[in-house]
2 protein chains.
Amino acid sequence: MEKSILERIRAVSDRLTAKERKAAQALLSNYPMAGLETVAGFARIAGVSGPSILRFTSRIGFSSYPEFQQHLRAEMEARLKSPIAKAPQGPGLGDGDGSDLERFAEAAIANIRNTAQSLAPRELEKAAALIGEAPGTVYLIGGRFTDPLARYMAAHLKLLRPRIMHLAGQVDSWRDHLIDMGRKDVLITYDIRRYQEGVIWFAEQAASRKVPIVLFTDQWISPVTRIATHVLPAHIEAPSNFDSSIAILTLTEAVIAHCTRLIWEQAQKRIRDLEELREI
Amino acid sequence: MEKSILERIRAVSDRLTAKERKAAQALLSNYPMAGLETVAGFARIAGVSGPSILRFTSRIGFSSYPEFQQHLRAEMEARLKSPIAKAPQGPGLGDGDGSDLERFAEAAIANIRNTAQSLAPRELEKAAALIGEAPGTVYLIGGRFTDPLARYMAAHLKLLRPRIMHLAGQVDSWRDHLIDMGRKDVLITYDIRRYQEGVIWFAEQAASRKVPIVLFTDQWISPVTRIATHVLPAHIEAPSNFDSSIAILTLTEAVIAHCTRLIWEQAQKRIRDLEELREI
DNA sequence: CTCAAAATGTATCAATCATTACAGATAATA
DNA sequence: TATTATCTGTAATGATTGATACATTTTGAG
């Protein structure tokens, strides 16, 4: 039997030149439609020139571009017709089994599954409601590796509602905000292993001022847990020297999504207004 | 929204002439590959002449055959790429079917799987090597929602090696860095849908100064693709009004992990030194 | 750094393709 | 059956595409 196109790509993948690899990448990312475009269209998608596309198709064993397309169509037809065909929609390439990325991806998936399963029901919804409907200001803080997650959430919340305040930089600069914080506000805290003192201290101060706290943390549970109103713990193990924040980001995005639905009425108008401002 | 091709066919199905109906049936039974052939190929499959095919595509509302094919490709691409439509087949323990988080988690998992599978082998390793071993400075930029990801990577890279520079804030402040950038440096760019002009502009300037570029993007392909040395495209669909960055974070962490292993010798020492400094 | 080898894009050309006009075929109507 | 209207294929043509030669750039060895 003849080799499939995916097998061909894989067979030559480490013999490809830089631009040929870009072509392969583009084809794999938009499989198989990129290959069914014209040479120029494929080239545009891949960000290379026409001839580079032709060198690529030539290298994987086709003597002309139409011949390559013919094979691509035939393969897709076979795949679409077979009853089991729906499942493997992506090209089955990694590196055999255990490429680095494959292992990492599987670990991430396990983290997400475990996190989703072990979360208390409705905890997420409650946290989202608290954030979306807080009459005061929503403050966000994070540690060394989690501060970007706080920023990520802040960037989204700013589109949804007013009064979002991400606390960055030095602990000293946070302190001044405390004086204005109260029970109508919310503090979103990100804190994972190697729980940072500054973050903990700030959360405690806020708690003593009756500020409700939403805590994103790992399964080892930050000290902030004791004083948090809602705790969203995630799994963070990874085949790496560093912990993985993927499950925390999943929780974060899920909260954002839920929050969005909750206050979509106001948010929609706000987003429109913001876009108008941007155009000026 | 525009009608799908199937809807168009159904809409006119009783107004078709004999040969046009043959064309329609041929397309439906070899959907969609028959329509991606040349006119002559489609005609051969349907057992009619070329012009009959063109009369058919014209009747369902397309002014040219290429336009028809473009729609067909776009539809198939959308269909092949939407993991959201999939039923949440996860471990439905406890919560029956689909809590919000469950659905979100499954979409995230699908994104990670698709991303891992469609990435060209060794592309990630090469990007990691470029970043880990660059003799110059590693610069990072991102857009509104992706800047936090750039920060996240920067926070990790700072532990692994010297000369990490995250470019934040206004475009104006980035510009001054350009003068020092050259082929020994690396620019890590994050750019997803609604590709931001500032980011694109900066990447182009860097590219013209021979700075190698590693691009984290979505599968819709940022304009930066054409000038990037390594492209790492991720799937970003989510059951939300916002796109999901989870797969991009997965790629990011995988690059960090690989990078860590690659330069562990120096990194280990560096981390020790940093911790000593911290204790003082 | 220099120079040779490899890789890549530009410009050009030949081949192929979609398109159209028109003639022949078919069906409908009287 | 004659006549007309509609449908369909053939053949010619202009547009587009894939292919290639060559100049330029990039890469890697010494």
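All values reported here derive from a predicted model rather than from experimental measurement.

The rules behind the values
Residues numbered from 1 in each chain as written. Chains lettered and ligands numbered in written order. Predicted model: local features only at pLDDT ≥ 70, side-chain atom pairs only at ≥ 80, totals over all residues. Heavy atoms only, no water. Near = heavy atom within 4 Å. Polar contact = N/O pair within 3.5 Å; in protein donor to acceptor, adjacent residues only side chain to side chain. Helix = DSSP H or I, 4+ residues; strand = E, 2+ residues; numbered from the N terminus. Nonpolar A, V, L, I, M, F, W, Y, C, P; charged D, E, K, R; others polar. Domains from an automatic or database assignment. Phe/Tyr/Trp six-rings, centres within 6.5 Å; stacked < 30°, edge-to-face > 60°. Buried < 20%, exposed > 50% of the residue type's maximum accessible area, 1.4 Å probe, protein only. Contact = heavy atoms within 4.5 Å. Buried area = accessible area lost by both parts, 1.4 Å probe. Expected span 1.5 Å × (residues − 1). Pairing = 2+ DSSP bridges. Right-handed = clockwise from strand over helix to strand, strands pointing away. Axes fitted to C-alpha atoms, helices over the stretch in contact; angles between N-to-C directions.

A. The protein's contact with DNA strand D, seen in detail. The full set close to DNA strand D counts 16 residues, and V39 and L54 of chain A together with T17, S52 and R55 of chain B are the nearest of them. Within 4 Å of the protein, the contacting atoms of DNA strand D are drawn from sugar and phosphate to the extent of 65%. In this structure, R55 of chain B approaches DNA strand D through a side-chain N or O atom, which is 2.8 Å from a base oxygen. In the environment of DNA strand D, a phosphate oxygen lies 3.0 Å from a nitrogen or oxygen atom belonging to the side chain of K210 of chain B. Mapped onto the surface near DNA strand D, the elements with two or more residues apiece are α4 (39–46), α5 (50–59) and α6 (65–81) of chain A together with α2 (18–29) and α5 (50–59) of chain B. Here the surface near DNA strand D takes three residues from α5 of chain B, the largest share from any one element. Among the residues forming the surface near DNA strand D, the class breakdown is eight nonpolar, five polar and three charged.

B. Up close: the domain arrangement of chain A. What the domain assignment lists for chain A is domain 1 (5–86) and domain 2 (100–279). Each of domain 1 of chain A and domain 2 of chain A has a C-alpha centre, and these two points are 42 Å apart.

C. Layout of the packing of aromatic side chains. Residue and element names in this part refer to chain A. Within this structure, the stated rule accounts for ten aromatic pairs over all chains. Where Y65 meets F68, the ring centres are 5.6 Å apart and the plane angle is 45°; that geometry is what we call tilted. Of this pair, Y65 and F68 both sit in helix α6, three residues apart, roughly one helical turn. Residues Y65 and F68 agree in their burial class; the two are buried.

D. Highlighting the interface of chain B and chain A. Of the residues lining the interface, 75 residues belong to chain B; the matching set on chain A comes to 75 residues. Here chain B meets chain A over a buried area of about 7200 Å², counting both sides, of which 60% is carbon and sulfur. Applying the counting rule to chain B against chain A returns 22 residue pairs in polar contact (both at pLDDT 80 or more). Those elements that place two or more of their residues in the side of chain B that touches chain A are α3 (33–36), α6 (65–81), α7 (100–118), α8 (123–133), α9 (147–160), β5 (230–234), α12 (246–262) and α13 (264–279) of chain B. Class assignment of the residues belonging to the side of chain B that touches chain A gives a composition of 39 nonpolar, 16 polar and 20 charged.

E. Up close: helix α7 (residues 100–118) of chain A. The end-to-end C-alpha separation of α7 of chain A is 27 Å, in line with the 27 Å expected for 19 residues at 1.5 Å each. Buried within α7 of chain A are the following residues: D100, L101, E102, F104, A105, A108, I109, N111, I112, T115 and A116 of chain A. Against the buried residues of α7 of chain A lie β5 (230–234) and α12 (246–262) of chain A together with α7, α8 and α12 of chain B.

F. Structural context of the pairing of strand β1 (residues 138–141) of chain A. All names here are of chain A. Burial along β1 is two-sided: V138 and L140 facing one way and Y139 and I141 facing the other are all buried. Note: β1 against strand β2 (residues 164–166), three bridges, orientation parallel. Each bridged residue has a counterpart across the sheet, and for Y139 the counterpart in β2 is M165. On the question of chirality, the crossover connecting β1 to the parallel β2 by way of helix α9 (residues 147–160) is right-handed. Relative to strand β3 (residues 186–191), β1 runs parallel, the two sharing four bridges. In the strand pairing of β3, I141 is matched with T189.

G. Main features of the sheet that holds β5 of chain A. All names here are of chain A. Taken in spatial order, the five strands make up an open sheet running β2-β1-β3-β4-β5, and their pairing is parallel. Edge positions in the sheet fall to β2 and β5, since each of these pairs with one other strand and no more. For this sheet, the mean inter-axis angle between neighbouring strands, taken without regard to orientation, is 15°. Together, β1, β2, β3 and β4 (213–218) form the strand contacts of α9, whose direction differs from that of β2 by roughly 160°. Each of β3, β4 and β5 touches α12; the most contacted strand, β5, lies at about 140° to it.

H. Representation of the sheet that holds β5 of chain B within the structure. Residue and element names in this part refer to chain B. Read across the sheet, five strands follow the order β2-β1-β3-β4-β5 without closing on themselves; strand pairing throughout is parallel. Every interior strand has two partners, whereas the edge strands, β2 (164–166) and β5, have only one. In this sheet, neighbouring strand axes are inclined to one another by 15° on average, regardless of whether the strands run parallel or antiparallel. Contacting β1 (138–141), β2, β3 (186–191) and β4 (213–218), α9 runs over the sheet at an angle of about 160° to β2.

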